[in-house]
Amino acid sequence: MSDTRNFETLYKEARLGLESPPSSVVHVRFTSGSTSSSLSRATRPAADDEKAYRANNLATASSIYYRKYHSSPRGIIWRVLENGTILSLRAADVRMPSHHDVDPPLTLNLHFPNGIRPGCIGFSDHKGQDDALCIYAIDQTNQVYSITLRPDHFKKRSATDGGGMGEACKTYSPPGFGFKHPHRLVVVNHDQLIVTMHDGGILRFDKNNHHDATNGSPWKETIYNVAGWGQSLRGLVPFQRAQTVRHDKLQMELTAATSTIATDMDTDNSFLFTVCLDHRMRIWDIRTGQILYTGDILNAKRDPQEDGMWQIDPTQSNLIQIVDGSPGQCLVVTFSPIGAGEFKFWKVKANDQGSLHVADCFPGSSLIPASPSSLDVWTMADFAVTETGDGPDLWTMWKNNTTYRVQKLQIDPRNNTAPFGDGWKGVTVDNALPPVQTSGPCDPTDSTEKWLELIFYPGRFSRATLETALAMYERGLGTYKETSSRAGKTLAESVCSVLGSTTTLDRTSSGAMDYEQFRGTSETQWMRFWRLLLELDKQRGEALSLVCDKEDGVIWVLCADYIAAIRQCSDLDRIYHNIHTPKKKDQDVAALVSAGLAFSESFNDSMVQLSKAALRAEIYEDSALSDEDRMQKFWDKAAFWRQITDEDCAQVVETLGQNFRVVTPRLYEDLFDLITSSSEANSQELRQPFTGLGKKVLIRAVQETAELHWQILFSQLLLLVHMEFEIENEDEMMHTRFDVGLVYRRLVDALRRLEHVKWMATTQLTVSASKVARSLGTSSPVTKRSGEDRITITALEGLAGHLFGLPENSDVPILSTFTDIVLDLCAPTSSTVLHTSLLQCSLLKHDRPDLALELGPFADQDPFSTYVQGRVFLALKDYDAAALYFRKASIGLSISMKHVERHSAGLLDDTEWNLLNSGLANYYAHIVSVFDKQKAYSHVVEFSRLALQFTQPNSSDASARTKTEMLSRLFTAATTISHFDVAHNALLAMDDEAMQKSYLRRLIERMCESGQNAELIHLPFSGLQTQVDDMLLEKAKATKDIIDGVPYHQILYAWRISHNDYRGAAAVLLNRLQRLRLAGEGDETAAGDALDTLVTRQYLLLINALSCVDPSEAYILEEIPTAEQTPTATDGDDDLEASLDALVQQLDFGHGRKNKAGGGDEGGSQALAEKMAAFSARYPKAGRSTPRRFLTLADLRKQYQQELDRIVAIQNNQFGLEDGDDIMDLVM
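An unreviewed UniProt entry lists the protein chain under the name Nucleoporin Nup120/160-domain-containing protein, with Schizothecium vesticola as the source organism. The UniProt entry for the protein chain carries the following comment under Subcellular location (unreviewed entry): "Nucleus".

> Any chance you could explain the overall build of the protein chain here in plain terms?
Across its full length, the protein chain holds 36 helices and 41 strands. Pairs at least 24 apart in sequence give 64% of the contacts found in the protein chain among residues at least 6 apart. For the protein chain, the exposed surface amounts to about 58,300 Å²; the carbon and sulfur share of it is 48%.

> Explanation requested: the packing of aromatic side chains in the structure shown.
A ring pair, where both rings are aromatic, is described by two values, the distance of the centres and the angle of the planes. The final tally for this structure, using the stated rule, is 42 aromatic pairs. Relative to Phe123, the ring of Trp78 has its centre 6.1 Å away and its plane inclined at 35°; by these criteria the two rings are tilted. You can see Trp78 sitting in strand β5 (residues 75-81) and its partner Phe123 sitting in strand β8 (residues 116-125), a full 45 residues away along the chain. According to the relative accessible area criterion, Trp78 is buried, its value standing at 14%.

> What is the right way to look at the pattern of salt bridges in this model?
Side-chain pairs of opposite charge can arise whenever the charged atoms involved come near each other. Tallied over the entire structure, the rule returns 48 salt bridges. Among the ionic pairs, Lys408 bridges to Asp393, the shortest N-O distance being 3.8 Å. Note that Lys408 is positioned in strand β29 (residues 403-410) and Asp393 in strand β28 (residues 391-400), a separation of 15 residues in sequence. For the pair Lys408 and Asp393, one class covers both residues: buried. Here Asp627 makes a salt bridge to Arg745, at a shortest N to O gap of 2.0 Å.

> I keep staring at the confidence of the model for the protein chain and nothing clicks. Help me out?
When pLDDT is low, close inspection of the predicted coordinates is not appropriate. Averaged over every residue, the pLDDT of the protein chain is 83; residues scoring 70 or more account for 84%. Considering each helix and strand of the protein chain separately, the mean pLDDT is smallest for strand β16 (residues 230-231), with a value of 40, and largest for helix α21 (residues 879-888), with 96. Across residues 1127-1133, where pLDDT falls below 50, the model places 8 contacts with residues more than four positions away in sequence or in other chains.

> Is there a simple way to think about the sheet that holds β8 in this case?
Across a sheet, strands are paired by hydrogen bonds formed along the backbone, either parallel or antiparallel in direction. Spatially, the 4 strands line up as an open sheet ordered β8-β9-β10-β11, and their pairing is antiparallel. Each end of this open sheet is capped by a strand with a single partner; those strands are β8 and β11 (169-172). Taken over all neighbouring pairs, the strand axes of this sheet differ in orientation by 20° on average, direction set aside. By the bridge criterion, 6 bridges tie β8 to strand β9 (residues 133-139) in an arrangement that is antiparallel.

> Can you help me understand helix α32 (residues 1094-1107) in this one?
The α-helix winds at 3.6 residues per turn, so residues separated by three or four positions along the chain end up facing the same way. Given a rise of 1.5 Å per residue, 14 residues ought to cover 20 Å, and the 20 Å separating the end C-alpha atoms of α32 matches this to within 8%. Listing the buried residues of α32 in full gives Leu1094, Val1095, Thr1096, Gln1098, Tyr1099, Leu1102, Ile1103, Ala1105 and Leu1106. Looking at the buried side of α32, the elements it contacts are α30 (1048-1058), α31 (1062-1079), β39 (1089-1093), β40 (1115-1119), β41 (1188-1192) and α35 (1193-1211).

> How should I be thinking about helix α23 (residues 920-933) in this particular structure?
With 14 residues, α23 should reach 20 Å at 1.5 Å per residue; the first-to-last C-alpha distance of 20 Å fits that figure. Most of α23 is tucked away: 12 of the 14 residues are buried. For α23, the full list of buried residues reads Leu920, Ala921, Asn922, Tyr923, Tyr924, Ala925, His926, Ile927, Val928, Ser929, Val930 and Phe931. Contacts from the buried residues of α23 go to α20 (863-875), α21, α22 (910-915), α24 (937-949) and α25 (957-976).

> Before we go on, may I ask you to explain unusual backbone geometry in this structure?
A negative phi holds for most residues other than glycine; trans holds for most peptide bonds. That bond from Ser72 to Pro73 is cis: its omega, -5°, falls within 30 degrees of zero. Structurally, Pro73 is set in the loop between β4 (61-66) and β5. One non-glycine residue, Asn142, adopts positive backbone phi at about 65°. Within the chain, His279 stands out as a residue other than glycine whose phi angle is a positive 70°. In this structure, His279 sits in the loop between β20 (271-276) and β21 (280-285). On the basis of relative accessibility, which here comes to 0%, the residue His279 falls in the buried class.

> Before we go on, may I ask you to explain the nonpolar core in this structure?
The nonpolar side chains of a soluble globular protein tend to be buried with one another. Of all hydrophobic cores here, the largest spans 172 residues; its most connected members are Trp556, Phe640 and Phe931. The leading source of residues in this core is helix α13 (residues 692-726), at 18 residues. Grouped together as the second largest cluster of nonpolar side chains are 40 residues, Phe273, Ile283, Phe345 and Phe362 included.

> Is there a simple way to explain the packing of α31 against α32 in this structure?
α32 packs onto α31 with a crossing angle of 165° between their chain directions and a minimal axis gap of 8 Å. As the angle between them shows, α31 and α32 are arranged roughly antiparallel. Relative to α32, the crossing made by α31 is left-handed. Facing α31, whose interface residues are Tyr1062, Arg1063, Ala1066, Leu1069, Leu1070, Arg1072, Leu1073, Leu1076 and Arg1077, α32 presents Leu1094, Val1095, Gln1098, Tyr1099, Leu1101, Leu1102, Ala1105 and Leu1106. For the contact of α31 with α32, a count of residues per class yields 13 nonpolar, 1 polar and 3 charged.

> Mind showing me how you'd approach a nonpolar patch on the surface here?
On the surface, a cluster of nonpolar side chains totalling about 360 Å² of accessible area is made up of Leu505, Met513, Tyr515 and Phe518. Assignment of secondary structure puts Phe518 in helix α6 (residues 515-540).

> It is not clear to me how the sheet that holds strand β26 (residues 356-360) should be interpreted in this structure. Could you clarify?
With antiparallel pairing, 4 strands are arranged side by side in an open sheet as β23-β24-β25-β26. The open sheet has two edge strands with one neighbour each: β23 (320-324) and β26. Averaged over all adjacent pairs, the angle separating strand axes in this sheet is 25°, with direction ignored. Here strand β25 (residues 342-350) runs beside β26; their pairing, made up of 5 bridges, is antiparallel. The residue bridging Ala350 from the neighbouring strand is Leu356, located in β26.

> Help me understand a negative patch on the surface in this model?
Together, Asp646, Glu647, Glu726 and Glu728 line one region of the surface with negative charge. Residue class for Glu726 comes out partly exposed when judged on its relative accessible area of 33%.

> Mind showing me how you'd approach the environment of Asp850 here?
With respect to the helices, strands and loops of the structure, Asp850 is situated in helix α19 (residues 849-854). With a relative accessible area of 34%, Asp850 lands in the partly exposed category. A sequence separation of 25 residues divides Asp850 from Ala875, and the C-alpha atoms of the two residues are 8.8 Å apart.

Rules behind the numbers
Residues numbered from 1 in each chain as written. Predicted model: local features only at pLDDT ≥ 70, side-chain atom pairs only at ≥ 80, totals over all residues. Heavy atoms only, no water. UniProt positions renumbered as here; feature names shortened; annotations may be inferred. Helix = DSSP H or I, 4+ residues; strand = E, 2+ residues; numbered from the N terminus. Contact = heavy atoms within 4.5 Å. Areas by Shrake-Rupley, 256 points an atom, 1.4 Å probe, with all protein chains shown as cover. Phe/Tyr/Trp six-rings, centres within 6.5 Å; stacked < 30°, edge-to-face > 60°. Buried < 20%, exposed > 50% of the residue type's maximum accessible area, 1.4 Å probe, protein only. Salt bridge = Lys/Arg side-chain N within 4 Å of Asp/Glu carboxyl O. pLDDT = per-residue confidence, 0-100. Pairing = 2+ DSSP bridges. Axes fitted to C-alpha atoms, helices over the stretch in contact; angles between N-to-C directions. Expected span 1.5 Å × (residues − 1). Core = buried A, V, L, I, M, F, W, Y, C linked by side-chain atoms within 4.5 Å. Parallel < 35°, antiparallel > 145°, perpendicular 65-115°, else oblique. Left-handed = near helix turned anticlockwise from the far one by under 90°. Nonpolar A, V, L, I, M, F, W, Y, C, P; charged D, E, K, R; others polar. Patch = residues over 30% accessible without salt bridge, like charges linked within 9 Å, V, L, I, M, F, W, Y side chains within 5 Å. Lys, Arg positive; Asp, Glu negative; His and termini not counted. Charge placed at Lys NZ, Arg CZ, Asp CG, Glu CD.

Put into structure tokens, the structure is as follows:
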């Protein structure tokens, strides 16, 4: 176990993964020996072993280059992947210079045919108007690559599509590399390069812009040796030196430079500062090739016999840093890795004669950095120097295998005797993982859900890490197949599928299900997978470089697959991380925080779960209880007093004094001040927006801060309740000294805010890349050809990321500004208002009502928030709950207001907004429309009635339109759910006759098709009865299937009977009788009675209906079937008159017979004949096409008897023959 030194912690990291979404990665391949480039979109399969995982995903070198003259982008993260064959580039800015700039979203992966040499990558920024970024690299075959990139290459995929790189890449084979070997590359400017050689010399490349050389070479080469002479390459002959060091199959001379840096010190000349293998610093005049200074990097006097002890390893490349000062001056810091390591500060000044004056800033003082611990072996991996108003700050990065630590030392240049006496300050590394809690039978969540939440926590593991771990896990099980397809499955589903296949639910010896064995086996498999993930992820955290952004003051740690931004600790962070060594002014607050944390840490898992459950009730539920009663309720529900021990209580008393006398109202005020930002960091109206990287840094800091603050305040809540009820003496209880209930309420409010922020910072959304690009002010990285790609972001970034930015023209360093913004966001009195209703609207637009429901407990109680809750339940298809919220919001959203903020994240359009705050009728009309879209017709009926109830009669045209629309929606919804009485009432209320007629037809069809015939007959249809009769008659005539179709004839018959139109009912039956005969379905008999057929039934109904008619009206008109028409009967009116004459003769004959019999109704028969004649006279002869005839009741009875006789004859096998029938045809 290491003996960690007690450095005061003042800084902490915000660590981010460097995995890019596939849609934002552009692969560019450079062909060997060619200047052409081609675009490759092929996606690499997931690595299935650790070696492939390291090669594909972990960088071997990484840093950030900051441009000097241009700012879009200003910083470039570069990483070397896949054994040096890929140079990956992306923007590294955390803020955009202005609102009009575009955040570059793309990552460029430049593929080289051969690996790049270590230390042979350089960048330069074109000083002119070109805005070009120049990249130089030397590969293992000594080819020099010159690559020119434009800002559009990082912003638009189209800039690289179809060979859009053009002549961006050029290669050059220097003749000087034929007999010398490059070791380090230094870029002086875009026209000049310096390459340090293995023999101590340097090779200067000057760009030949006009190609005026005889051989047309793009570069002019000049070589200089350590002795200071230079000559052309043609006359140079190499020679072997005596003292060498073996490195990479080469014998390197001790004068070879291993760490280099170039600067012009704001002069017309450039200088090359080098630290060589012989432990000396050499400063070259780049223009002349002369060495202006040579001296030990520690300014030490050494015995020449001990030179071997002071040799520097050739792999060291970060031994010198320069801080530019006034023109012609700079501060140089060198580090000696020999022994324990030591820093030396140099002041360098250039004079007009071309010479340099180099002076030790602190002669006689040595700065030996303190390692993070005294027992472990730590190596100085990198350092950086920043200039502040009080003097330079020295940042160091130590490594121990894959572990690293960063420390800072403030240098006091005014104190010559003790310039390093302030002491080292520590940085908390962001690599802590939450403890894995064991699962039990009483857990509120499933074990799988708990593990998925732990593993898929935002930013915890990269997708490549998860896929590789899963492949290795499957390989260990023996089930891995390279061709296995996981198509259609998410990564979480694949993990659950593979791990779930290893566990089976067996039975115990008694035959019961062995759930304990199943749970234990499942936990074991999940733990194995978790440990495999940790082992892979540990390699991602290997530190590679420490970089300082001198303009913004941000310190970055570049790791194999991480980047970490260092920010300043808040006051509460500082107390927490230095809990055992607090400052004097913070001792009481530190004691309170320490006591709370120690008290909560003594809880077992079940106690923690019960306490959190009690807290959820306090946070999410509205309570009318007093603060004291709420505390009592929490005390009873948490019930942790049953399991805490006397030792736990004694520890609290020991920390806070007898009866907790240390605890005072002022102490709690100090605690609440610690979680409140003292500045208005995020309340500035004018801000510089964050880039995508800046937002991710902020989100990660919010996640860590919200979790830490929640842990501290939750422990304080438990401690407060414990202290209040622990004292038995009423006179000595804490509420007698101060208002404990007020403190309790403030703690609950703060925890509610933290719960909200935690949810936002940890809940993930899958959105389209184009939407994220638009929110960042960028063009979408996805082209039409590549299709729509989805990326995963947190809800805080996706829904509220636009709220955050940096104050413009602020003198506060970004190190502190980040902390202030995060602290303000997490504070209960935050100036950043997270409007829950707007966040829910955004989630509804993203089609995530499930997440919007989770935000419900944080919503306000204003009318619009209540309305949004209704929309959430509406999207979840919980229509009853939605209706309840809509009714609650009705009054508030119907009152007219002068100024209404129309913000709904696009959920409501202008038409919908116009219906709000404009009366109850319009509000309910809007609710009807949203229910109608969901086809919730029962609630459409409900709210349509409400809208109609509040519609003002005889008012404006808008009110009339609302009434018409509501009647239409009411009718449609009621008809759909078969509430025909409601539809009938809506129909009668319609003023538009055309709409009324159309809807009447729809209602009749709907009721008839659904079998609601009895209800149709009983509906009054006031003023519409004639139209109903006509429509039923029309449908009856149009019916094709008289047997199985909708029985419109019977319905019309019942309708007319109910309205005492018996003759009309008889006419309908006669039509159905004729169609039954034509269909040939009339002889179907009922069971057991041959005379009971469809035709005979129709005759009986027809005779009964006509019998109810007055004898003077007892006739109907029948169309003569075509088969019964005579060839001469071509005029329908002639046949009708002939039929009438014959009918009169029959009536006369019948009348005579009745008189002879002594009875009869002469007047009735005479009246019937007269009416029939009058009926015939009403119709003109023209236009008739179908012959018709009159039928009386006697005719119908006769036909009925004939039908019965026919059936009997058929039953007795008596078939009558007509003219033309052939007996042989019947036999056959």
